[in-house]
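Breakdown of the fold
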Amino acid sequence: MVFSNSFLERPVLAPGPCCSPPAGTQGEVFCDIIAFRDDVTMFGSDVPAPASLPGPVAPSFHRRKTWRDQSVHPGNPTAMRMLRVLEGCCPCIGRPSRPTRPGGRSRGTGSIPAADPAIAAVATFLLERLQDNKGDRVQNYRQLESTLQGSDSRLPSGLLNRLIAEASGDIKAAQGVTVDVRTAASDVLVALAGSHFLFVMSEFQGHLKAMGRTPAEFVFVTLGKLASSYALRCIPFAGMMLFALQAILSRVGSGRVRRAVCGVLEQWSKAVKTYFWSWDKCPFPRVEEVQLCNHIYPLYSYVVQNWLGCKKKEDRQAVLKAVAAMMGVLLREEQHREYAWDQVLLHQGIFWEAKDSTTEEPGDSVVSRAFLSLVQLRMLKPSLSKEKSCILLAECCCTILSFPSKKMMKKRGKTASQTQKIQTLHLLCLEGLGRILAVLLEAEVTSTSFEDVVHVLQRWLTSAKAWERERALQVCAQLLADCEERFEVTGTRACKKFGFLVALLGPLTTESLATSRRWAGVCLGHLLQMQAKISKSALEAADIAFLQKGLDTTDDVPLMETSYEIAKTVCKYFPPAQATDFMSTITESLKCTRDEYAWAAEVWMITFLEKCGQQISQEVPEVLHVLYSRMQTAKKDTHRHLLLEAVYLLACFHHEPVVDSLLQKPLPMDRDTKELWRILGRSSLGVQVLKYLTQKLEAAVENSPGPRSSAHEPDHSQAALELLMLPCAISEVVCVLPAKERIQCLLPYLLPALLGGISKELGRVMLLAPLTYQRGLFFSASGREDKPRSPYCEALNLVLGRCMEKRWLQLLGKQGVWASLIKRRAHADAVCLLTSVLLHNQLVTRGVIWALSQWLNSPWENLQLTATAFFAELMKDPPEMEKSSLERVLVILVEKSQHGTSAVRQMAVRCLANAVTGAPEEVQKHKAAILEVLQRGLENTECPVVAAESMLALAEVVRKLKAEGLGSAFKDIARSTKQFFEAEPDVLRYAAFSLYTVLAISASRKRSFFVREVWETWFSLLLHLRDPNPDVSNVCRTTLYVCAPFLVLEQVQKTIITSIGLSAAQLQYKIGHCLVREAPALLERLHGMARSRRLENGQALHPAASAVLGDILERTRSLGSYWQQRRE
């Protein structure tokens, strides 16, 4: 939609001298606007002022009831004619404003607020003082500005006109008025425009319309302020105002007025750009871009052709700013884009002057590079592809930023005049580079991104040459200033490389050149301004001011201190999501060969971690990865120490994420990973880290699926790798942790976690433990110390080494505990031995007992076995304070004795046996259940080890309860036991003889019964005196000895009892001789057994027993004949 009947429909003017407004269009409108203000004044002081037009971009626009509805009546033809004119020029007048955003929210709605009597009274008082020249005029204007600033209330029309007239008079006074008074009067008009914009603007349109003379300097200054303060309100007046400026440009003479006019062109062009970005927020119909570009194009052409070659630096800078702002508008419209690019560098008087002054040296490299800079800048256009644009941009930066310094040119023999001209040309190129970079980013057609530009500048910001860094900082400051300006309007995240830029710019605050330090401070200021608005936090004025404080000093120490304070200020506004970019860049800066820069980078990195470490929890893995990567490439030990300190600081705030990240490192651990774990272990965080590792290990062991069924299917999942990394990490932390007592406090967590890891590594199928005939700390002891072969065993060894004397560890090693723990067949006995050592060192606490008791009902059979083995040893001699809590465990173990896995049943039975001595009261409470379980175990002939463990357990029960305490169970046990005397497995014979020994000792009250039992079994006892298993033969001799009193043959009793010193064979022969002499009938029974190879109860003889029987009979055959003859 376009404006109808308005000055915006003016045809495009060709480049050239400024033209007068066409008749019947803008000229008439202009005159009508001026006349309209006077007509409104004639309505009287009670007539309200016109409604405010759209205001600044932020925070919102006013939505008001229009003045047409309040004061203009159809009966007033003059007013109606003026209204129609204004409606043609400004369609927003005379119709309701649309909402500024969806939902219709705005700062004010309805009619214009009534005049505030207090404001009107104060304004009247101050105006009278101004009119009467009372007091300080500057002070009066400042008080008036303060009164009007931010006020939405209207003023009576008479007061309003007198205020405008008084201030305007001071602004355009030819002489007799100081600059301070003019500045103050200008500021009052700008403040007044907040609520009476139309009246103020019409006043200045009148100044511009004055024919034949150039308006005063402060007329232009105020117009620039109005566009800067009320950008979108100016758009309906842009065409008319810019058209009026065309007639003025050719009459501008002095440098001050020219700079003021350039300021107007710059600010109004920026207002147009603001409108391009925010037109959808305006209440009036959209103005097409081509219309606004058509108004700016003639002004741009005139300025480029006539003013771009200004001699004075101040004039040239003002012209360049105006040209850049107008160029930013023209680049939006295709019709003018190409011309804008061509004109900006082709019409520069400095270029031609420099060229003319150096024609005698056509081969001079310095001059050639200056010319090359201009050529490259002219080629750099938004229409280029991304790749080509980046390449040409890099070439431009290389040519311009690496330009020789003034000192170097003097060394090359340049005259002062030549040096000055070339330096001036280079300065123009430098400024042009910054402007063009900003325009490239702004133009919609360009594919060049902010990241591309920053990447190009990075090389020069880290250059080894001070003047190159200074120039790069200047360009960067220009670029960031433009980004901040765009951000002010669009509210978009204009700078996505905050962390990267802060890391790049922060250390530069210690530069040797004061100008470089100041530019670095300016850059950081722009970044903070944008970031504060992104985060919607208030940026303190003192923080911005501090960025410049102290940067002019030349003393190294204060500079570093100031840089540290600046770092703390920046950290207040640092976005956590940018932490990785910052750390990646700042750690790379540590490699810088310039010591002051590397030192400053260290200060900024440590300060960032100290001040922002708490907020960057989400970025910890990435930040730690950066530090780890830098450690692997760090060449200096000082850098490694600093990176380790950084990891420690990070862990101070987030030790759990740091630990989680380190656990992701591959195995085996490299030097850097070990060093990271150890730095955490040595620090005050060591105990926290160890506790967290233990918790992780507990959870991992509990949740792990267990080992695979096949050894040929290694598990490379992350969970499996973490299970291997955890004990390795615990080992590294424990070996350097200084507090031994703290490790002991964590033992209730560490011991179960590590044992659980060992247990789950064993495999799915649990094998029965071999029955050991001599149980205790010294079984299978060897002279060679065994070393841990598993990460879990190694970690457990280190943990126990911090909790007990070295001799106990040596004992565990010599008895092969570490190797046995990871063997399925020996694991249970190794756990028993380990538990015994822990008990001797009083390391079995309530926490350890509780933790392992939870495994008794674990779904994992491995954990159940480990727990039952632990309690099997614990029940021998439990801590006195924990006996009461073991009753629940005992009940569970009774149930476990019927477990489906034989290995678990075996350990459960052993536990019950040991509980008889260790917890007799608890056993007495559950005597019946225990006896039933153990007797049922004797029936399990398919699992000899379980049956053997049951008999050994019964031996302990019988020893404790005696025959009278067992009741009828005594006889049942005795009858069941003798069935295993000729069993094939050695463990069954061993256990049977052991149990029978105890039965014999306890049978004093059951003598008659046991005499009959011994009469049936003593032949087996006699034969197994030479059992092939030495342990069985030894226990059998004891059994025979204790059973001897129950034999009815007195001579045999005497022989057995007095057999000390005889070998098993000698004793057998002697008993055989006894039988030949005293009981030939029994000898005949032996011959019958030998022939049938069975006992008289039908049980088959053990092959070894049968052979022994044959030998005995053979040795007694001749002696038998002799005694038979004597008897005959």
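Worth saying up front: this structure is predicted, and the values here are computed from it rather than measured. Here the residue numbers are simple positions, counted from 1 along each chain's written sequence. At least 70 in pLDDT is required for a residue's local features to be given in this predicted model, at least 80 for side-chain atom pairs to be given and counted, and no such filter applies to totals for whole chains, interfaces and linings, which use all residues. As a rule here, side-chain values come from all non-hydrogen atoms in the structure, and water together with hydrogens is ignored.

Across its full length, the protein holds 52 helices and zero strands. Using a 1.4 Å probe on the protein chains alone, a residue whose accessible area is under 20% of its type maximum counts as buried, one over 50% counts as exposed, and one in between counts as partly exposed. When the 1128 residues of the protein are sorted by exposure, 57% land in the buried category. Across the protein, every contact between residues at least 6 apart in sequence was considered, and the portion connecting residues at least 24 apart equals 77%. When the accessible surface of the protein is summed, it comes to about 46,900 Å², and 52% of that surface belongs to carbon and sulfur atoms. Here a helix means four or more residues in a row that DSSP labels H or I, a strand means two or more in a row labelled E, and each is numbered from the N terminus. In this analysis, two residues are considered to be in contact whenever any of their non-hydrogen atoms come within 4.5 Å of each other. For the accessible areas, the method is Shrake-Rupley and the probe is 1.4 Å, while residue cover comes only from the protein chains on display.

In this section: helix H22 (residues 498-505). The buried count for H22 comes to eight of eight residues, which makes it a mostly enclosed element. Buried within H22 we find Phe498, Gly499, Phe500, Leu501, Val502, Ala503, Leu504 and Leu505.

Turning next to unusual backbone geometry. The phi torsion at Asn133 lies on the positive side, around 55 degrees, for a residue other than glycine. Examined against the element boundaries, Asn133 turns out to sit in the loop between helix H4 (117-131) and helix H5 (137-148). What makes Asn133 exposed here is its relative accessible area of 57%. The phi angle at Gln842 is positive, at roughly 55 degrees, despite the residue not being glycine. Among the structural elements, Gln842 can be located in the loop between helix H37 (827-840) and helix H38 (846-853).

Pairs can form between side chains of opposite charge once their charged atoms are near each other. We define a salt bridge as a side-chain nitrogen of Lys or Arg found within 4 Å of a carboxyl oxygen belonging to Asp or Glu. In total, this model carries 32 salt bridges according to the counting rule given. Between Asp170 and Arg137 there is a salt bridge, with its nearest N and O atoms 2.6 Å apart. Of the two residues, Asp170 sits in helix H6 (residues 157-172) while Arg137 sits in helix H5, which places them 33 residues apart along the sequence. We note that Asp170, like Arg137, is buried. Put simply, Arg142 and Asp187 hold a salt bridge, and the shortest N to O gap is 2.6 Å. Here the residue Arg142 occupies a position in helix H5, and Asp187 occupies one in helix H7 (residues 179-192), the gap between them amounting to 45 residues. Residue classification places Asp187 among the buried positions, given a relative accessible area of 15%. By sharing partners, the salt bridges in this structure join Arg142, Glu145, Asp187 and Lys225 into a single network.

Residues enter a nonpolar core if they are buried and are Ala, Val, Leu, Ile, Met, Phe, Trp, Tyr or Cys, with the set joined through side-chain atoms within 4.5 Å. Within the largest apolar cluster, 245 residues are counted, with the highest numbers of intra-cluster contacts made by Leu505, Trp677, Phe871 and Phe1010. Take this core: its biggest share by element is twelve residues, from helix H44 (residues 944-966). Excluding residues within four positions of it along the chain, Phe871 makes contact with Ile849, Leu852, Ser853, Leu856, Leu886, Val889, Leu893 and Cys911. Ranked by size, the runner-up nonpolar core spans 91 residues in total, among them Phe237, Ala238, Phe284 and Val304.

Before going further, it helps to spend a moment on the packing of H37 against helix H39 (residues 861-874). Fitted lines through C-alpha atoms give the axes, limited to the stretch in contact for helices. The angle between two N-to-C directions lies from 0 to 180 degrees. For the pair H37 and H39, the least separation of the axes is 8 Å and the interaxial angle reads 45 degrees. As summarised for this structure, H37 and H39 are arranged oblique, according to the angle between their axes. Considering only the axes of H37 and H39, their crossing is right-handed. Along its contact with H37, which presents His827, Ala828, Val831, Cys832, Thr835, Ser836 and Leu839, the element H39 presents Leu865, Thr866, Ala869, Phe870, Ala872, Glu873 and Leu874. Within the contact of H37 with H39, the residues separate by chemical class into nine nonpolar, four polar and one charged. Each angle receives one of four descriptions, namely roughly parallel if under 35 degrees, roughly antiparallel if over 145, roughly perpendicular if within 65 to 115, and oblique otherwise. A crossing counts as left-handed when the near helix is turned anticlockwise from the far one by less than a right angle, and as right-handed when that turn is clockwise. Any residue outside Ala, Val, Leu, Ile, Met, Phe, Trp, Tyr, Cys, Pro, Asp, Glu, Lys and Arg is labelled polar, Gly included; the first ten of those are nonpolar and the last four are charged.

Before going further, it helps to spend a moment on a nonpolar patch on the surface. The residues that make up patches have over 30% relative accessible area and no salt bridge, and they are joined within 9 Å when like-charged or within 5 Å when they are Val, Leu, Ile, Met, Phe, Trp or Tyr. A cluster of nonpolar side chains, namely Leu667, Leu721 and Leu724, defines an oily patch on the protein surface of about 210 Å² accessible area. The residue Leu721 is located in helix H32 (residues 718-734) in this model.

To continue, consider the packing of helix H12 (residues 289-306) against helix H13 (residues 313-330). Two numbers describe a pair of packed helices, the interaxial angle and the distance between the axes. Two numbers describe how H12 lies on H13: the axes approach to 10 Å, and their chain directions differ by 145 degrees. H12 and H13 meet at a crossing whose hand is left-handed. On the side of H12, the interface is formed by Cys293, Ile296, Tyr297, Leu299, Tyr300, Val303 and Val304, while H13 contributes Val319, Val323, Met326, Met327, Val329 and Leu330. Here the residues of the contact of H12 with H13 are counted per class, giving 13 nonpolar, no polar and no charged.

Structurally, the position occupied by Arg233 is in the loop between helix H9 (217-229) and helix H10 (235-249). We classify Arg233 as buried; its relative accessible area is 1%. Whenever a nitrogen or oxygen atom comes within 3.5 Å of another N or O atom, the pair is scored as a polar contact, on the condition that within protein one atom can donate a hydrogen and the other can accept it, and that pairs from neighbouring residues in sequence are kept only if both atoms are in side chains. A polar side-chain atom of Arg233 sits 3.3 Å from the main-chain carbonyl oxygen of Ala193.

Our next topic: the packing of aromatic side chains. We call Phe, Tyr and Trp rings a pair once their centres come within 6.5 Å, taking the six-membered ring for Trp, and we label the pair stacked below 30 degrees between planes, edge-to-face above 60, and tilted otherwise. Applying the stated criterion to the full structure yields 16 aromatic pairs. Taking the centre distance of 6.0 Å and the plane angle of 80 degrees together, the rings of Tyr302 and Trp307 count as edge-to-face. Using a relative accessible area of 13% as the deciding quantity, one classes Tyr302 as buried. Members of the aromatic cluster, connected to one another through ring pairs, are Phe970, Phe981, Phe993, Tyr996, Phe1009, Phe1010 and Phe1046. Sitting over the face of the ring of Tyr628, Lys665 holds its NZ or CZ atom 3.8 Å from the ring centroid. Look at NZ for Lys and CZ for Arg. If either is within 6 Å of the ring centre and within 35 degrees of the ring normal, a charge sits over the ring.

With that out of the way, let us pick up the environment of Leu754. By the secondary structure assignment, Leu754 is in helix H33 (residues 740-760). For Leu754, a relative accessible area of 0% corresponds to the buried category. Along the primary structure Leu754 and Thr694 are separated by 60 residues, whereas in three dimensions their C-alpha atoms are 8.5 Å apart. The residues contacting Leu754, other than those within four sequence positions of it, are Leu697, Pro727, Ile730, Tyr792, Ala795, Leu796 and Val799.

On a range of 0 to 100, pLDDT expresses the predictor's confidence in each residue. Residues at a pLDDT of 70 or more form 76% of the protein, whose mean pLDDT is 76. Least confident of the elements in the protein is helix H2 (residues 68-71), whose mean pLDDT is 34; most confident is helix H26 (residues 579-589), at 92. Note that residues 349-364 has pLDDT below 50 and, in this model, 25 contacts with residues that lie over four places away or in other chains. When the criterion is pLDDT under 50, residues 707-715 qualifies, and its contacts beyond four places in sequence or with other chains add up to nine contacts.

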